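Residue strings, one per chain:
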Amino acid sequence: MSSPKIELASKEKTDTLALGFFSKKAEKKDKKKGPPPSPEFHGTASSDLTALQGRLQDSHHFTGRRNDTNLLRFYQYGAYTNVLLVGLGSASKFKTETVRQAGAAIFLAQRREKLSGITLDGPSLFANVESKEIPRYLQAFCEGYGLAGYEFTDLKQEKPSRFKPSALYISGLEKNPANAKAIQTAAALCESINFARALGDRPGNYATPDLLSKLVGDMAKSVGVKCTVFNKARIIKEKMGLLMGVGQGSVEEPRFIILEYKGGKKSDPPVALIGKGITFDTGGISIKPALKMEEMKYDMMGSATVAGTMMAVAKLKLPVNVTAYIAAAENMPGGKAQKPGDIATSVTGKTVEIINTDAEGRLALADAIEYAQKENPQAILDYATLTGAVIVALGTLATGIMGNSRELIKRVEEASEATDERVWELPLFEEFDEYLRSPFADIKNASDLREAGSSIGGTFLKFFVDKKIPWVHCDIAGSGMQRRDKNYMPRNYAAGAMIRLNTHLLANWERIKPLS
Ligand code: BES
Ligand code: MG
Ligand code: ZN
């Protein structure tokens, strides 16, 4: 699936012009009675515009409400014959997320109205943006435009016959290198995010650990990233007993996937990204209830996030060394499945009492963390649909983050701020360590209590993290799946969370000091 091209253009090339409008608050006295206030225009004035504003004032049908679009067909406006009105909401709340959603709103209107090409009047959207900030806003706009059209139809024999818009031209913006780069960056991000989404949307039988390793391997090859896949024999040889335990109930063998990108100095240790790749999570012997179990095909979104991040990092040729590790397995009940009470052993020999076979993600991640640490990374970030509890706490709106390093958490929060991908820190209180004490093994994989589920998941991982390595765990169980909160996140499909954030984080990466 490729998005329509976006170009900066000085002259009209299409029949349709898109104009952004801000909504105005009704005066107090007019609030109850009277028509809604007509929208405000902040772009370049013209006689056509004055006429249009007069018409809008009379008709009251369009108020500039955020993400509302309205097509005026056969409305002569300069050389254009159609005008698409685009609502931006209140000017006082205008930010990058506003234009990202405006991008999506324009794409969706373009598809709905079957407009092959559209010209956006740049100043009407970017009028309130300081000139040095224009590239950042432009990138956000293009992200929304490029993400909104995602759908997963690979497995439909009858494809929905949707109109495919071909191009968007943006007028009135300088054709400088920074703007060109913003468009390019957004395109690379959208491709990578849509790649990750499609991995997630594949059902378990089309994304077994082996198939996942092949899909990720093909992607890696296409962008020049080195990919190594460990099969079952190699996983056993590397002593990944926790990952093996998770996969042992399935006829599908586990895979361990390593992606290496070297854009930084030779002497710089890599940043390690670790992804949970449970291609389907039935819960194993501690089996899940039937309701919504099909959503557990998304239990590899952590691995999709790291694969998508590697794709973006390579496409953008970022000056940093990054290695990704994906622990992939299918969690099934069966005659050979691991049982509650079983004790499994990690890469470095730590023993884990399996209290609940449904707390499998942390097991797969723990082996990946220990394996990654053998290669002396400067920092570790892991991504996992780890706990239902994070959805209870944060809904689908934010990724739950926790870790051992203020500095790294701060960097993730800054990247979150810059990319509008929400994160929210949850604690790793020392007292939580007690919840995972086992009389039989070094640690157990789940607590007897239901409380603080996401923090307990993080606490389990903390046990395997080298105390000197800055580490942040990202629980994307809510943020990684279907979203209804944003028009560039097509509902019913995987979100592709944290790839914009990660790419920003890595684009601005500076070497981080070990913890003392
Ligand atoms: N994959 C699930 C977490 C999950 C739940 C993701 C709902 C997305 C939506 C994970 O493997 C799991 O089952 N976690 C358990 C842990 C518990 C047994 C300690 C959970 O959250 O209930
Ligand atoms: Mg589970
Ligand atoms: Zn899981």
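So, how was this worked out
Residues numbered from 1 in each chain as written. Chains lettered and ligands numbered in written order. Predicted model: local features only at pLDDT ≥ 70, side-chain atom pairs only at ≥ 80, totals over all residues. Heavy atoms only, no water. Near = heavy atom within 4 Å. Polar contact = N/O pair within 3.5 Å; in protein donor to acceptor, adjacent residues only side chain to side chain. Areas by Shrake-Rupley, 256 points an atom, 1.4 Å probe, with all protein chains shown as cover. 1 Å grid on protein atoms, 1.4 Å probe; cavity = no way out; pocket = protein on both sides within 12 Å on 5 of 7 lines; lining within 4 Å. Sits in = over half its atoms within 2 Å of the grid points. Nonpolar A, V, L, I, M, F, W, Y, C, P; charged D, E, K, R; others polar. Helix = DSSP H or I, 4+ residues; strand = E, 2+ residues; numbered from the N terminus. Buried < 20%, exposed > 50% of the residue type's maximum accessible area, 1.4 Å probe, protein only. Donors = N, O, S within 2.8 Å, 3.2 Å for Na, K, Ca; no water. Tetrahedral: all angles 85-135°; square planar, octahedral: opposite > 155°, others 65-115°. Domains from an automatic or database assignment. Contact = heavy atoms within 4.5 Å. Buried area = accessible area lost by both parts, 1.4 Å probe. Salt bridge = Lys/Arg side-chain N within 4 Å of Asp/Glu carboxyl O.

Participant: In this structure, what is going on with the site of ligand 1? I would like to understand it.
Facilitator: Taken together, 16 residues lie near ligand 1, and K288, D299, D358, E360 and G388 sit nearest. Within the side chain of D358, one N or O atom sits 2.8 Å away from an oxygen atom of ligand 1. Separating a nitrogen atom of ligand 1 from a backbone N or O atom of L386 is a distance of 3.4 Å. Taken by itself ligand 1 offers 510 Å² of open surface, and the protein chains cover 78% of this. Most atoms of ligand 1, that is more than half of them, are within 2 Å of grid points of the largest pocket. Among the residues forming the shell around ligand 1, the class breakdown is 5 nonpolar, 4 polar and 7 charged.

Participant: How should I be thinking about unusual backbone geometry in this particular structure?
Facilitator: For residues besides glycine, phi is generally negative; the peptide bonds are generally trans as well. Here the phi dihedral of K114 falls at roughly 55°; this positive angle occurs in a residue that is not glycine. Examined against the element boundaries, K114 turns out to sit in the loop between α2 (96-112) and β5 (117-121). For N376, which is not glycine, the phi torsion reads 45° and is therefore positive. Tracing the sequence through the fold places N376 in the loop between α10 (361-373) and β13 (379-384). Given the relative accessible area of 56%, N376 is considered exposed.

Participant: Hey, could you run me through the coordination of the magnesium ion (ligand 2) in this one?
Facilitator: Four donors placed tetrahedrally about a metal ideally form angles of 109.5 degrees, and six donors placed octahedrally ideally form angles of 90 or 180 degrees. Protein ligation of the magnesium ion (ligand 2) involves D281 (OD), D358 (O), D358 (OD) and E360 (OE), the donor distances falling in the range 2.0 to 2.2 Å. Around the magnesium ion (ligand 2) sit 6 donor atoms; with metal-centred angles ranging over 71 to 167°, the donor geometry is irregular. Read N to C, the donor residues that coordinate the magnesium ion (ligand 2) are spaced as D-x76-D-x1-E. A gap of 3.2 Å separates the magnesium ion (ligand 2) and the zinc ion (ligand 3), which D281 links by coordinating each metal.

Participant: Mind showing me how you'd approach the coordination of the zinc ion (ligand 3) here?
Facilitator: Within the protein, the zinc ion (ligand 3) binds to K276 (NZ), D281 (OD), D299 (OD) and E360 (OE); these donor distances fall in the range 2.0 to 2.4 Å. Positions of the donor residues of the zinc ion (ligand 3), expressed as sequence spacing, correspond to K-x4-D-x17-D-x60-E.

Participant: Before we go on, may I ask you to explain the domain arrangement of the protein in this structure?
Facilitator: The accessible area lost on association of the parts is a frequent measure of interface size. When the domains of the protein are assigned, the result is domain 1 (5-26 + 34-166) and domain 2 (189-507). Centre-to-centre separation of domain 1 and domain 2, based on C-alpha positions: 38 Å. On the side of domain 2, 19 residues touch domain 1, which itself brings 20 residues to the contact. Summed over both sides, the interface of domain 1 with domain 2 buries roughly 1,700 Å², with 61% coming from carbon and sulfur. It is L147, Y150 and F152 in domain 1 that bury the most area against domain 2; as a group they hold 42% of the surface buried on that side. Seen at the junction of domain 1 and domain 2, the total is 3 salt bridges. Between E97 and K486 there is a salt bridge, with its nearest N and O atoms 3.9 Å apart. Where domain 1 meets domain 2, there are 10 residue pairs in polar contact (both at pLDDT 80 or more). Of all the secondary-structure elements, those providing two or more residues to the side of domain 1 that touches domain 2 are α2 and α4 (134-147). A per-class count over the side of domain 1 that touches domain 2 returns 9 nonpolar, 6 polar and 5 charged.

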